Amino acid sequence: MATLEIKDLHASVVLDDETTKPILKGVNLTIKSGEVHAIMGPNGSGKSTLASTIAGHPKFVVDSGQVLLDGEDVLEMSVDERARAGLFLAMQYPVEIPGVTTSNFLRTAKTAIDGEAPSLRTWTKDVKAAMEQLKIAPEMIQRNVNEGFSGGEKKRHEILQLELLKPKIALLDETDSGLDVDALKVVSEGVNRALETNDTGIMLITHYTRILRYIKPQFVHVFADGRVVDEGGPELADRLEDEGYDRYLAAAQ
């Protein structure tokens, strides 16, 4: 059982060498293995900043608070140490990596996280099976990472990493953005497999409830002005679908 604890987290975005802007203003959240936490809220509320800060993006600095993974201080770890400890970030805008094939990228990442190279025979079988389930064309494995990929292909590649790297806690930053209905179903099925097979804890950041039809959250948290302003179960997401975020925005002003 893995536990990610976020305690009174305050963080700022670095605008230039001398200027920062506060974004997170006291976030408290606990995610355990096998749980799905939907993080919902309007644009600019701090949802993506939360994920990036936990993952160690250099654009964001922690002003105060704690992030603990199984009691260990995540904020004292380098980005690669966070990944080896069991954190995973599926990016909202996956980047292209010219000159690095998807095949080499995946096996190198798996080796770095596990501390040893996977058996080639088993690894090849696992990769092929995961790609088939995610409807990723076989030739994609020899292409450079995300280079020339469509938006849907990039998002499916993120979930391919999730399934193969088997993290303790996965931060999914708007994984549903830019996906058509068919791609959304495929991606959601991959997330659900990670839940069932690896007992991964999921923090699912989204604006919309459509992905929640396929990935069922036990907990829904509403973000506004850099903090959690409301919490509940799946019924809260249904209410947001009907009412939107206006009342939270008004209260934050």
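Residues numbered from 1 in each chain as written. Predicted model: local features only at pLDDT ≥ 70, side-chain atom pairs only at ≥ 80, totals over all residues. Heavy atoms only, no water.

**Examining the UniProt feature "domain: ABC transporter" (unreviewed entry) in the protein**
(1) Moving on: In the numbering adopted here, UniProt assigns the feature "domain: ABC transporter" (unreviewed entry) to residues 4–250.
(2) Moving on: For residues 4–250, the helix share is 37%, the strand share is 30%, and the end-to-end C-alpha distance is 31 Å. (UniProt positions renumbered as here; feature names shortened; annotations may be inferred. Helix = DSSP H or I, 4+ residues; strand = E, 2+ residues; numbered from the N terminus.)

**Observations regarding the layout of surface pockets**
(1) Moving on: As a volume, the largest pocket reaches approximately 1,200 Å³.
(2) Moving on: Taken together, 48 residues line the largest pocket, and the ones lying closest to its centre are A55, V79, F88, L89 and M91.
(3) Moving on: If you list the elements that add at least two residues to the lining of the largest pocket, you get helix 1 (47–55), helix 2 (79–85), strand 6 (87–90), helix 3 (102–114) and helix 5 (151–165).
(4) Moving on: Looking at the lining of the largest pocket, the element that brings in the most residues is helix 2, giving six residues.
(5) Moving on: Class assignment for the residues of the lining of the largest pocket results in 23 nonpolar, 14 polar and 11 charged.
(6) Moving on: What lines the second largest pocket is a set of 13 residues, and nearest its centre among them are D126, A130, E163, L164 and K166. (1 Å grid on protein atoms, 1.4 Å probe; cavity = no way out; pocket = protein on both sides within 12 Å on 5 of 7 lines; lining within 4 Å. Points joined across faces, edges and corners; volume = space filled by probe spheres on them. Nonpolar A, V, L, I, M, F, W, Y, C, P; charged D, E, K, R; others polar.)

**Some words on the packing of helix 4 (residues 120–133) against helix 5**
(1) Moving on: Contact geometry for helix 4 and helix 5: axes closest at 10 Å, N-to-C directions at 140°. With respect to each other, helix 4 and helix 5 are oriented oblique. Handedness of the crossing formed by helix 4 with helix 5: right-handed. Note on element contacts: helix 5 touches helix 4 through L160, E163 and L164, opposite W123, D126, V127, A130, M131 and Q133.
(2) Moving on: For the contact of helix 4 with helix 5, the class distribution of residues is six nonpolar, one polar and two charged. (Axes fitted to C-alpha atoms, helices over the stretch in contact; angles between N-to-C directions. Parallel < 35°, antiparallel > 145°, perpendicular 65-115°, else oblique. Left-handed = near helix turned anticlockwise from the far one by under 90°. Contact = heavy atoms within 4.5 Å.)

**A word on the packing of helix 5 against helix 6 (residues 181–198)**
(1) Moving on: At a minimum axis separation of 10 Å, helix 5 and helix 6 run at an interaxial angle of 10°. Relative to helix 6, the element helix 5 lies roughly parallel. Contacts between helix 5 and helix 6 involve K155, R156, I159, L162 and E163 from the former and A183, V186, V187, G190, V191, R193, A194 and N198 from the latter.
(2) Moving on: When the residues that make up the contact of helix 5 with helix 6 are grouped by side-chain class, the tally is seven nonpolar, two polar and four charged.

**Topic: the sheet that holds strand 9 (residues 169–173)**
(1) Moving on: Strand order in the open sheet formed by six strands is 6-9-10-3-11-12, and the pairing between neighbours is mixed. The sheet terminates laterally at strand 6 and strand 12 (227–232), the two strands that pair on one side only. Each neighbouring strand pair of the sheet contributes to a mean axis angle of 20°, computed without reference to strand direction.
(2) Moving on: Of the strands in this sheet, strand 3 (36–40), strand 6, strand 9, strand 10 (201–206) and strand 11 (219–224) are in contact with helix 1, which crosses strand 10 at around 140°.
(3) Moving on: Contacts from helix 5 reach strand 6 and strand 9, with the element oriented near 165° to strand 6. (Pairing = 2+ DSSP bridges.)

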